[in-house]
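# Tertiary structure, described
Residues per chain are reported as follows:
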Amino acid sequence: VERADVVLLAPQEAEDRDWLARESGRRIVCAFSSFGIDAPAGMHHAGETELQALSGMMAATGAQGGAPQRANVPILETFAGLNAATAILAALRRGKPTLLDIATFDSAAALLSAFVS
């Protein structure tokens with residue numbers, strides 16, 4: 001970790017605020033979570049199925065007029081990973097240490113933009 005240009009953190013690893021502040025001043029730190037590292041107290045880690053339900057993704061899948069249906073692939077987590085890869089490349093290009101906060105719920109909101117209209 002000491003020699004890495006980029007450090008990826010799972011949700012439970014992003015809870016140490018002192019470490020985040022110190023390391024994001026030295027390198028690129030990418031923290032993954034369900035609702036963001038500054039989520040309100042009580043917001044817990046949610047799995048793919050729960051995030052699909054909370055975000056409205058389930059309402060956009062399945063038969064018209066039928067019950068909401070879960071996508072059988074981890075679409076939200078995959079899209080969050082794509083967002084993270086893009087953000088990491090941009091941060092590397094910029095060449096400055098930074099903290100990237102990748103929230104799966106935010107990625108879900110971007111995916112649903114096609115259904116808003």
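The structure contained in this document is the topic of the report that follows. (Residues numbered from 1 in each chain as written. Predicted model: local features only at pLDDT ≥ 70, side-chain atom pairs only at ≥ 80, totals over all residues. Heavy atoms only, no water.)

A separate point is the pairing of strand β1 (residues 6-9). Here β1 shows one buried face, formed by Val7 and Leu9, and one open face, formed by Val6 and Leu8. Here β1 runs beside strand β2 (residues 28-33); their pairing, made up of four bridges, is parallel. Counted as the bridge partner of Val7 is Val29 from β2. (Buried < 20%, exposed > 50% of the residue type's maximum accessible area, 1.4 Å probe, protein only. Helix = DSSP H or I, 4+ residues; strand = E, 2+ residues; numbered from the N terminus. Pairing = 2+ DSSP bridges.)

Scanning the entire structure with this criterion turns up three salt bridges. When the shortest N-O distance is used, the salt bridge between Glu23 and Arg22 registers 3.7 Å. By relative accessible area, Glu23 is classed as buried at 3%. Across the pair Arg27 and Glu23 runs a salt bridge, and its minimum N-O distance is 2.7 Å. An identical accessibility class is assigned to Arg27 and Glu23; each is buried. (Salt bridge = Lys/Arg side-chain N within 4 Å of Asp/Glu carboxyl O.)

Now for helix α3 (residues 75-94). Along its 20 residues, α3 runs 29 Å from first to last C-alpha, staying within 8% of the 28 Å computed at 1.5 Å per residue. Packed against the buried residues of α3 are β1, β2, α2 (48-55), β3 (98-103) and α4 (104-111). Positive backbone phi, approximately 80°, marks Gly95, located one or two places after α3. (Expected span 1.5 Å × (residues − 1). Contact = heavy atoms within 4.5 Å.)

Before going further, it helps to spend a moment on the packing of α2 against α3. In the contact formed by α2 and α3, the axes pass within 8 Å of each other and the chain directions differ by 90°. By the angle between their directions, the pair α2 and α3 is classed as roughly perpendicular. Together, Glu48, Leu51, Gln52 and Ser55 of α2 and Ile75, Leu76 and Glu77 of α3 make up the contact between the two elements. Of the residues belonging to the contact of α2 with α3, the class tally is three nonpolar, two polar and two charged. (Axes fitted to C-alpha atoms, helices over the stretch in contact; angles between N-to-C directions. Parallel < 35°, antiparallel > 145°, perpendicular 65-115°, else oblique. Nonpolar A, V, L, I, M, F, W, Y, C, P; charged D, E, K, R; others polar.)

On to the packing of α3 against α4. Contact pair α3 / α4: the axes reach a minimum separation of 8 Å and the direction vectors enclose 95°. With respect to α4, the element α3 is oriented roughly perpendicular. Contact residues: α3 offers Ile75, Leu76, Glu77, Phe79, Ala80 and Asn83, while α4 offers Thr104, Ser107, Ala108, Ala110 and Leu111. Per-class residue counts for the contact of α3 with α4 are seven nonpolar, three polar and one charged.

Looking now at the side chain of Thr98. Here Thr98 lies in strand β3. Among residues more than four places away in sequence, those in contact with Thr98 are Ser24, Arg27, Ile28, Val29 and Ala91.

Within this structure, the stated rule accounts for one aromatic pair. Taking 5.7 Å as the distance between ring centres and 45° as the angle between the ring planes, the aromatic pair formed by Phe35 and Phe105 counts as tilted. Residue Phe35 is located in the loop between β2 and α2, and its partner Phe105 is located in helix α4; the two are separated by 70 residues in the primary sequence. Its relative accessible area of 30% is what places Phe105 among the partly exposed residues. (Phe/Tyr/Trp six-rings, centres within 6.5 Å; stacked < 30°, edge-to-face > 60°.)

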